There are 2 protein chains.
Amino acid sequence: MVKKIGAQTIEFSNNVSIAGFGSIVGKKEAQGPLKDDFDKIEYDMHVGQDTWEDAESKLQTEALSIALEKAKVSAKDIGFLFAGDLLNQCVSSSFGLKDYAIPYLGQYGACSTMVQSLIMAAVMVESKASLLSACVTSSHFCSAERQYRFPLDYGGQRPQSAQWTVTGAGSCILSGEQDDKKPKVLRATVGKIVDLGVKDQNNMGAAMAPAAADTIKMFFEDTNTKETDYDMIYTGDLGKIGSKLLYELLLKEGYDIQSRHKDCGVMIFDDNEFDVHSGGSGCGCCASVLCGHILKKVEKKELKNVLVIATGALLSPVTVQQSKSIPCIAHLVNIVM
Amino acid sequence: MVKKIGAQTIEFSNNVSIAGFGSIVGKKEAQGPLKDDFDKIEYDMHVGQDTWEDAESKLQTEALSIALEKAKVSAKDIGFLFAGDLLNQCVSSSFGLKDYAIPYLGQYGACSTMVQSLIMAAVMVESKASLLSACVTSSHFCSAERQYRFPLDYGGQRPQSAQWTVTGAGSCILSGEQDDKKPKVLRATVGKIVDLGVKDQNNMGAAMAPAAADTIKMFFEDTNTKETDYDMIYTGDLGKIGSKLLYELLLKEGYDIQSRHKDCGVMIFDDNEFDVHSGGSGCGCCASVLCGHILKKVEKKELKNVLVIATGALLSPVTVQQSKSIPCIAHLVNIVM
């Protein structure tokens, strides 16, 4: 039984373990500081496919395949599959995962989709709807650039506040069987949509930081804990600018997270990397860093109690053209060992 | 605790009741045979807004408002809100629902989103993650036409197999409190993605029928029941062509549903209605007919045991341009009184 604690937070029993997790990234991500953490690196941006969209689908197929293998289970054992991505109508998920023939529930929370999917999969396992559930999310620089910005060949300039969509995917298999050697999902906070009126689509970090601050604050209040209770606090892809803003917003609430905070978007790329600017972004950013780096550290007990907060900007190119603000959301999971 | 029965089906206790449900439709839908069933009719296609997208958002706002009022609860009592729509990045949901400030989990299953959201909300209630959860989905003819097909002013011709996107929305409030006067969600089957290679985006019914047949067959097998055990079997929006195909596919499996089957897309429009062709479609089709017509019949005990199967075509305009097939999905809920 899932336990509701406080306004937005739920708690799982000790039995929701992450039985397997897999990550795959592209060549630019493989040149960054986390290069040795990822399970697989694709040096071909087309991943052997004809289109960028199919390439991204293939990343999802592979991430799930790695996670299944590491969890030592087969696709037919998985009760429910939660997945999503940034492409219109989430087609990299539906095309990438259709051959697995697993009961499928598409999720959309923009770059927060990985944590959202993890929460839903954990609820399914905890509620006994299935013994095993899976989640996958992805993004691809080329498919995202074409859809959200400009044709790649155009070579558009980007302001320093812009972020670089990560080419990558991550997948987790959640299990209801107790296993002390595996990281566990202990608590989760589902975010509200927060919209402070930011309209600059080239500064998503600034738009998303208030949503992250709101969810983190709610989690601390709901659980009656504070920043010093956790070994690390990871955000999905606020980037450099959004991270600074998050520190300021949380300081106003009495929480000083800076010394124990890292942002997946800042971690994944080398600081001197060409054109990355404020950091990485995309559904594949948090997913690949979570499943490549963070969960490995937890499994090795280098970290025993971490928070992962993935943020999403719920805009579309049409709402940007219509000069609308950018509603944002952030979902949180507390992972323990 | 959610009970898993069979490969794809879950069963809820007797306590997941639909405490309130609301529907809103546009003027064309209000001219159809179900006109007296809907809670609210919007004769202004702009719903008082500047854009079609904002108009669709407003339909979501209103549908949830009606459902909350009928359930006699306020937004702050709702634990989790599940919603989705057909627009890129599901913006009619995020913009239409942001002011409610309810923990939000965006869903994407194309036209199957209403039943998917209902299943997720039921799982949250049954697992005790919240006492109350809500779901909303919508579609709007004008925002869908612009995004998926042609500018409205172009007046493009449509083949007879095409369907007409419903302007409408529906919302349900699910409650964990026992109430014998309210319809209950008893069982649900989560569908697998089914892709038989259909590529004609103007014949979605044909593409979606195999997914509907697969989910219905799985439900019958998982529950050890058959078509005659149910008062009515409603599909979301297969339209006339898809419905016929569904009968054929299920007959091959030994199930003859025709005499007890209706399709929301066929029900909502008058047969002689200009340009409707094969019937209605869109996330708002199943949602408005479910929350306007079906649930009212169940609440009045005119029907005591029904199946609602919403189907979704998981394509995008880009995958159509790339000559790809149309992967489809269908989710089922068994609603009883």
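Scroll up to find the structure.
Criteria and cut-off values
Residues numbered from 1 in each chain as written. Chains lettered and ligands numbered in written order. Predicted model: local features only at pLDDT ≥ 70, side-chain atom pairs only at ≥ 80, totals over all residues. Heavy atoms only, no water. Buried < 20%, exposed > 50% of the residue type's maximum accessible area, 1.4 Å probe, protein only. Helix = DSSP H or I, 4+ residues; strand = E, 2+ residues; numbered from the N terminus. Pairing = 2+ DSSP bridges. Least-squares fit on C-alpha atoms with pLDDT ≥ 70 in both. Contact = heavy atoms within 4.5 Å. Polar contact = N/O pair within 3.5 Å; in protein donor to acceptor, adjacent residues only side chain to side chain. Phe/Tyr/Trp six-rings, centres within 6.5 Å; stacked < 30°, edge-to-face > 60°. Lys NZ or Arg CZ within 6 Å of the ring centre and 35° of its normal. Right-handed = clockwise from strand over helix to strand, strands pointing away. Expected span 1.5 Å × (residues − 1). Axes fitted to C-alpha atoms, helices over the stretch in contact; angles between N-to-C directions. Parallel < 35°, antiparallel > 145°, perpendicular 65-115°, else oblique. Nonpolar A, V, L, I, M, F, W, Y, C, P; charged D, E, K, R; others polar. Buried area = accessible area lost by both parts, 1.4 Å probe. Salt bridge = Lys/Arg side-chain N within 4 Å of Asp/Glu carboxyl O. Core = buried A, V, L, I, M, F, W, Y, C linked by side-chain atoms within 4.5 Å.

Draft legend 1. Just the pairing of strand β7 (residues 132-139) of chain B, in detail. All names here are of chain B. Burial analysis of β7 places eight of its eight residues in the buried class, which makes it a mostly covered element. A two-sided burial pattern is seen for β7, the buried positions comprising Leu132, Ala134, Val136 and Ser138 on one face and Ser133, Cys135, Thr137 and Ser139 on the other. Where strand β5 (residues 80-85) and β7 come together, six bridges link them in parallel fashion. Looking at the pairing, Leu81 lines up with Ala134 of β7.

Draft legend 2. Inspection of the relation of the copies chain A and chain B at higher detail. Aligned on chain B, chain A shows an RMSD of 0.0 Å; the corresponding rotation is 180 degrees and the shift along the axis is 0.0 Å. The transformation relating the two chain copies, once decomposed into turn and shift, fits a two-fold axis. Mapped onto chain B, 100% of the interface residues of chain A again fall at the interface, so both copies present the same surface.

Draft legend 3. Structural context of the side chain of Asp214 of chain B. All names here are of chain B. Its place among the elements puts Asp214 in helix α5 (residues 204-223). Side chain to side chain, Asp214 and Lys192 meet in a polar contact 3.3 Å long. With residues near it in sequence (within four places) discarded, Asp214 still touches Lys192 and Val194.

Draft legend 4. Main features of the side chain of Ser112 of chain A. All names here are of chain A. Looking at the secondary structure, you find Ser112 in the loop between β6 (104-106) and α3 (113-126). Here the side chain of Ser112 touches Gly109 through a polar contact of 2.6 Å, landing on its backbone oxygen. When sequence neighbours within four positions are dropped, the list of residues in contact with Ser112 reads Ala310, Thr311, Gly312, Ile329 and His331.

Draft legend 5. Broad picture of the packing of aromatic side chains. On inspection of all chains with the given rule, the structure shows 12 aromatic pairs over all chains. Here Phe220 of chain B and Tyr255 of chain B contribute two aromatic rings whose centre-to-centre distance is 4.7 Å and whose plane-to-plane angle is 45 degrees, an arrangement assigned as tilted. Of the two residues, Phe220 of chain B is situated in helix α5 and Tyr255 of chain B in the loop between α6 (239-252) and β12 (261-263); the sequence distance between them amounts to 35 residues. Tyr255 of chain B carries the same exposure label as Phe220 of chain B, and that label is buried. Each member of the aromatic cluster is reached from another via a ring pair, and the members are Phe219, Phe220, Tyr230 and Tyr255 of chain A. Taking NZ or CZ as reference, Lys28 of chain A lies 4.0 Å from the ring centre of Trp164 of chain A, over its face.

Draft legend 6. Structural context of the pairing of β5 of chain B. Residues and elements named next belong to chain B. Counting buried residues in β5 gives six out of six residues, a clear majority hidden from the surface. Residues Phe80, Phe82 and Gly84 of β5 are buried on one face, and the alternating residues Leu81, Ala83 and Asp85, pointing to the opposite face, are buried as well. The pairing of β5 with strand β6 (residues 104-106) spans three bridges and is classified as parallel. Looking at β6, one finds that Ala83 is bridged to Gly106. This β-α-β element, β5 to helix α2 (residues 91-97) to β6, shows right-handed connectivity.

Draft legend 7. Summary view of α5 of chain B. Residues and elements named next belong to chain B. The first and last C-alpha atoms of α5 sit 29 Å apart over 20 residues, in line with the 28 Å expected at 1.5 Å per residue. A large share of α5 lies buried, amounting to 19 of its 20 residues. At the C-terminal side of α5, Asn224 shows a positive phi close to 55 degrees.

Draft legend 8. Up close: the environment of Leu105 of chain A. Mapped onto the secondary structure, Leu105 of chain A falls in strand β6. In this structure Leu105 of chain A comes out as buried when scored by relative accessible area, which is 0%. Residues Leu105 of chain A and Ala83 of chain A, spaced 22 residues apart in sequence, show a C-alpha to C-alpha distance of 6.9 Å. Residues contacting Leu105 of chain A, with those up to four places away along its chain left out, are Phe80, Leu81, Phe82, Ala83 and Met124 of chain A together with Gln116, Met120, Val190 and His331 of chain B.

Draft legend 9. Region of the structure containing the packing of α3 of chain A against helix α8 (residues 283-299) of chain A. Residue and element names in this part refer to chain A. Orientation of α3 relative to α8, taken along the N-to-C sense of each, is 60 degrees, at an axis distance of 7 Å. The pairing of α3 with α8 is recorded here as oblique in orientation. Contact residues: Thr113, Met114, Val115 and Leu118 in α3; Cys283, Cys286, Ala287, Leu290 and Cys291 in α8. Of the residues that constitute the contact of α3 with α8, the class distribution is eight nonpolar, one polar and no charged.

Draft legend 10. Structural context of the interface of chain A and chain B. If you look at the interface, chain A gives 56 residues, while chain B gives 56 residues. Taken together, the two surfaces of chain A and chain B that pack against each other cover about 4,600 Å², and 66% of this comes from carbon and sulfur. Joining chain A to chain B, the criterion identifies four salt bridges. Residue Lys324 of chain A is joined to Asp54 of chain B by a salt bridge in which the shortest nitrogen-to-oxygen separation is 2.3 Å. Those elements that provide at least two residues to the side of chain A that touches chain B are α1 (52-71), β5 (80-85), α2 (91-97), β6, α3, α4 (141-148), α9 (317-321) and β15 (328-336) of chain A. At four residues, α3 of chain A tops the list of elements feeding residues into the side of chain A that touches chain B. Split into classes, the residues belonging to the side of chain A that touches chain B amount to 29 nonpolar, 18 polar and nine charged.

Draft legend 11. Local environment of the environment of Met218 of chain A. For Met218 of chain A, the location among the structural elements is in helix α5 (residues 204-223). Setting aside residues no more than four positions away along its own chain, Met218 of chain A makes contact with Ala7, Gln8, Thr9, Thr189 and Lys192 of chain A.

Draft legend 12. Seen up close, the pattern of salt bridges. Residue and element names in this part refer to chain A. Under the defined criterion, the tally for this structure stands at 28 salt bridges over all chains. For the salt bridge of Glu11 with Arg187, the shortest nitrogen-to-oxygen distance reads 3.9 Å. With Glu11 in strand β2 (residues 9-11) and Arg187 in strand β10 (residues 184-189), this pair connects stretches of sequence that are 176 residues apart. The exposure class of Arg187 is buried, given its relative accessible area of 12%.

Draft legend 13. Broad picture of unusual backbone geometry. All names here are of chain A. Residues other than glycine seldom take positive phi values, yet Ala101 does so here, at roughly 55 degrees. As for its placement among the helices and strands, Ala101 is situated in the loop between α2 and β6. A residue is classified by how much of its surface remains accessible, and Ala101, at 40% relative accessible area, is partly exposed.

Draft legend 14. Seen up close, the nonpolar core. Counting residues in hydrophobic clusters, the biggest one holds 114 residues, and the most contacted among them are Cys172 and Leu174 of chain A together with Cys172, Leu174 and Val308 of chain B. With sequence-adjacent residues up to four places away left out, Leu174 of chain A is seen in contact with Val16, Ser17, Ile18, Leu118, Ala121, Ala122, Val125, Leu131, Leu132, Ser133 and Val185 of chain A. Core analysis: the second largest hydrophobic core is formed by 68 residues, Ala75 and Val136 of chain A together with Ala83 and Ile193 of chain B among them.

Draft legend 15. View of helix α4 (residues 141-148) of chain B. Residues and elements named next belong to chain B. Along α4, seven of the eight residues are buried, which leaves the element largely enclosed by surrounding structure. Phe141, Cys142, Ser143, Ala144, Glu145, Gln147 and Tyr148 are the residues of α4 that are buried. As for α4, its buried residues are in contact with α1 (52-71), β7, β8 (164-165) and α9 (317-321).

Any functional reading would require information that these geometric values do not contain.
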